[in-house]
Amino acid sequence: MLKFSTDPDVAEQQMNAIIFYMTAFGYIDGNFDLNEKTFVKIYIRQLVNQRAKDAMPDADPKQRAEVVNRFTSHFHEVFEEIDRGVRELFDEVVGGEEKVEDFVYAKLKLRSYEIFNGFDKDNQRELLNTIDELIHADGEVHPAEAKFRGELDRLLAAEVPVEVEDIEIVPVTPVEVGEAAARQPRLDDHPFFQKHEHHYSRDPAVLQKQAESDYKLIQRVRKQLDEQRAAGAGKLAGKHTVGDLVGERPFLDGHVYAHPTEPGKKYELTVLGDLHGCYSCLKGALLQADFFAKVEAYRLDPANHPNPKLVLLGDYIDRGRFSYNGVLRTVMQMYLTAPDHVYMLRGNHEYYIEYRGRIYGGVKPAEAINSLVSYLPGEYFEAYMHLFDELPNMLLFDRLLFVHAGIPRDAAIAEKFHDLGSLNDGDLRFQMLWSDPSSADFVPHELQEQNARFPFGKLQFEKFMSRLGCTMMVRGHEKIDEGFKSVYPESPILLLNLFSAGGSDNDDLPETSSYRTVTPMAATISVEDGVATVVPWAIDYKRFNDPARNKFFATEPEIEHKVG
C-alpha cells in the first residue's frame, strides 16, 4: 500500500489522486453501481487507517480511531464530490456526431493526466504502483482498465517539445484585474426591450408572421455583416502580430474583428459570456451597465465620453427558455442599432448542419431548434444556419483577444497559421469554438486529438498568444460556478473565463438545469493608451424575472421548451 508523504498537503493530493482514479475506473469499465461505490469507500478507510498508523505509531488506539473516522468522513465527502463532478460530465455539450461516453472518457483521461502530472516522478511511480495493486486485487483486470492505464503511462512519458518550452514573452503593459463590484441599474426597463418581448404563438397564422419578422431580421444582420466584411477584406494578410495593426481604423476581415485603439482615447467594454437563453441575464446586464445611455452620450459628445462597446462571446441559444425570441433576437437588434459598438461573436452552439434536406443542431442537446422544429418550416432554421456560419469568431481589441473557447490544436497551428489572416482558416476557427484550458503546463497530441472539445495547456496558451502579440484572452464556453475566473493567474498573459448564464432561482432556466449552480457574471474592461483594467460584476437577473420588468413573464409560453 502507498507510503504517504509526510507533507500533509502532498499527502492530501495523493489521496485525492487515488480517489479520482478509482472513480474514473468505476465509469470506464461500465456502470458505477452501489457495490462498486461501497468498495471505494471501504478502500478509502483502509488507506486512511494505513496513513494514521504510519503517522501516529505510538498514539493511543482510541485517539487514532477518532482521527481515522474524521479523515475517512472527509475523504468520503471528497469521493462524493468527485463522483458528482463525473456525473455532470454526462450533461456537457458534445459535437453532433460524438458520443457523450467518448467525451467523458477523454475528460477522465485528461483529468487523470493533470492530477498525476502534478507530482514528481517518484510520487507518480508510487501512486501508479498503488493503482496497479488495486486493479489486480480481484485477480482479473478489465480490458478497459488496462487500456486506460496504458494510455496514462504514455501520456506521462510524453516530453514537452522544446519549441513550446522556449517561449519568448515580450514585456508589455500588464492587465489589471480588480475586485468584483456591485452594479445597480439606473432603469428598471427600456423601450428597446419592450417591443421584442413576446412568446411564439401556437396559432399558425400568428406564428407565421413572427417567423417572417425574425427571418427578415436575420437577413438584415447578414447584409450588415457583408458590408463590414467588404470594407475590411484582406486587411489582416501579412500582419504577424496585433502590433502591426497600429494606426488602422477598426475593421472586420472575414470572421475576425480588429480594433486598434487611438492614443489618448478611452474605451469601455461590457463583456458577456455564454447567455444560453437566459434573457433576464442579458437584460439585467445591459441595464446594469447602462449601455444604451453610454452609446448615446458618446454619439453626442465623443470627445468627453469613453467609446462604449458590447462584446458578446457567443452561445446565445439552448439550455434556457428564451433562445431565439429572447436572447438572439435582442442581440441581433442591438447589433443593427449600433453596429460600430456591438460585437456579436459566434459560440459552438451557433452551429447548425444540414442532412438530407433537414437542419439539425450541431451540438447535443439542441433545445432551441428541438422546441420549434415541429412548428416552423425548414427555411427558418436554414436562415439561422447561414447566419451562424457568417458570425465573426473573434475580436482583436488592442492587445486583447475575445473568443468563445480558446486556441487551436498544436498540429493545426503548425500547419495553418502563418499570419493574422490565418485566423480566418475554417479549421482554426472551428477549433477555437471548442477548446478548453487544462491545468497542465502541456497537453500531449494524443489528448488533443480525441474529441472536438479538446484541451490545451498553459505553455501552449502562452505560445499562441505571444505569437499574436496579445496580453489577455477573454473566453466563455466552460460552465464555471463562480461565473468569472482567472485560469492561469501566475502567467504574464491572462486567460479569463466568463459565464453569464445561470442563477439558482432564475426562472429563465428549467428547474433541472445544471446552470443553477452558476453565479452569472459580466465584466467591464476599461482600455486607455494600452492599459486595460478588468472589473467583474454579478448580473442581477432576478429583478428581471418580474413580469412588471419583463413581458416574457407576464404570460405563460404557448410552445413548450423541450429539455434535453
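Just above sits the structure.
Rules behind the numbers
Residues numbered from 1 in each chain as written. Predicted model: local features only at pLDDT ≥ 70, side-chain atom pairs only at ≥ 80, totals over all residues. Heavy atoms only, no water. Helix = DSSP H or I, 4+ residues; strand = E, 2+ residues; numbered from the N terminus. Rg over C-alpha atoms; globule rule 2.2 N^0.38 Å. Buried < 20%, exposed > 50% of the residue type's maximum accessible area, 1.4 Å probe, protein only. Contact = heavy atoms within 4.5 Å. Areas by Shrake-Rupley, 256 points an atom, 1.4 Å probe, with all protein chains shown as cover. Salt bridge = Lys/Arg side-chain N within 4 Å of Asp/Glu carboxyl O. Patch = residues over 30% accessible without salt bridge, like charges linked within 9 Å, V, L, I, M, F, W, Y side chains within 5 Å. Lys, Arg positive; Asp, Glu negative; His and termini not counted. Charge placed at Lys NZ, Arg CZ, Asp CG, Glu CD. Pairing = 2+ DSSP bridges. Axes fitted to C-alpha atoms, helices over the stretch in contact; angles between N-to-C directions.

With that settled, the discussion passes to the overall build of the chain. When helices and strands are counted, the chain shows 18 helices and 19 strands. Whereas a compact globule of 564 residues would reach a radius of gyration of roughly 24 Å, the chain reaches 25 Å, a difference of no more than 12%. Overall, the chain is about 80 × 55 × 50 Å in size when its C-alpha atoms are taken along their principal axes. Residues counted as buried form 54% of the 564 residues belonging to the chain. Of the contacts formed within the chain by residues at least 6 apart in sequence, a portion of 74% connects residues at least 24 apart. Of the roughly 24200 Å² of accessible surface on the chain, 50% is carried by carbon and sulfur atoms.

On to the pattern of salt bridges, then. In the structure shown here, the tally under the stated rule is 33 salt bridges. One salt bridge in this structure joins Asp427 and Lys416, with 3.4 Å as the shortest N-O distance. On the criterion of sequence distance, the pair formed by Asp427 in helix α16 (residues 426–431) and Lys416 in helix α15 (residues 410–416) is long-range, its members being 11 residues apart. When its relative accessible area of 22% is taken as the criterion, Lys416 is described as partly exposed. A salt bridge links Asp540 to Arg543, with the shortest nitrogen-to-oxygen separation between them at 3.0 Å. Connected through shared salt-bridge partners, Lys109, Lys147, Glu151, Arg154 and Glu446 make up one network.

Our focus in this paragraph is a negative patch on the surface. A contiguous patch of negative charge, built from Glu88, Asp91, Asp481 and Glu482, is present on the exposed surface. Position of Glu88 relative to the elements: it lies in helix α3 (residues 61–89). Glu88 gets classed as partly exposed once you look at its relative accessible area, which sits at 35%.

A word on the sheet that holds strand β2 (residues 176–177). In spatial order, the strands read β2-β19-β18-β5-β6-β7; together these six strands make up an open sheet with mixed pairing. Of all the strands in the sheet, the pair left with one neighbour each is β2 and β7 (342–344). For strand β18 (residues 521–528) and strand β19 (residues 531–538), the ladder comprises eight bridges, and the chain directions are antiparallel. In the sheet register, Thr524 faces β19, and the bridge partner there is Val535. Along the sheet face, helix α11 (residues 291–300) touches β5 (266–272), β6 (307–312) and β7 and points at about 140° away from the line of β6. The strands touched by helix α12 (residues 323–337) within the sheet are β6 and β7, with β7 carrying the most contacts at an inclination of about 135°.

Functional significance is not addressed by these values, which are geometric in nature.
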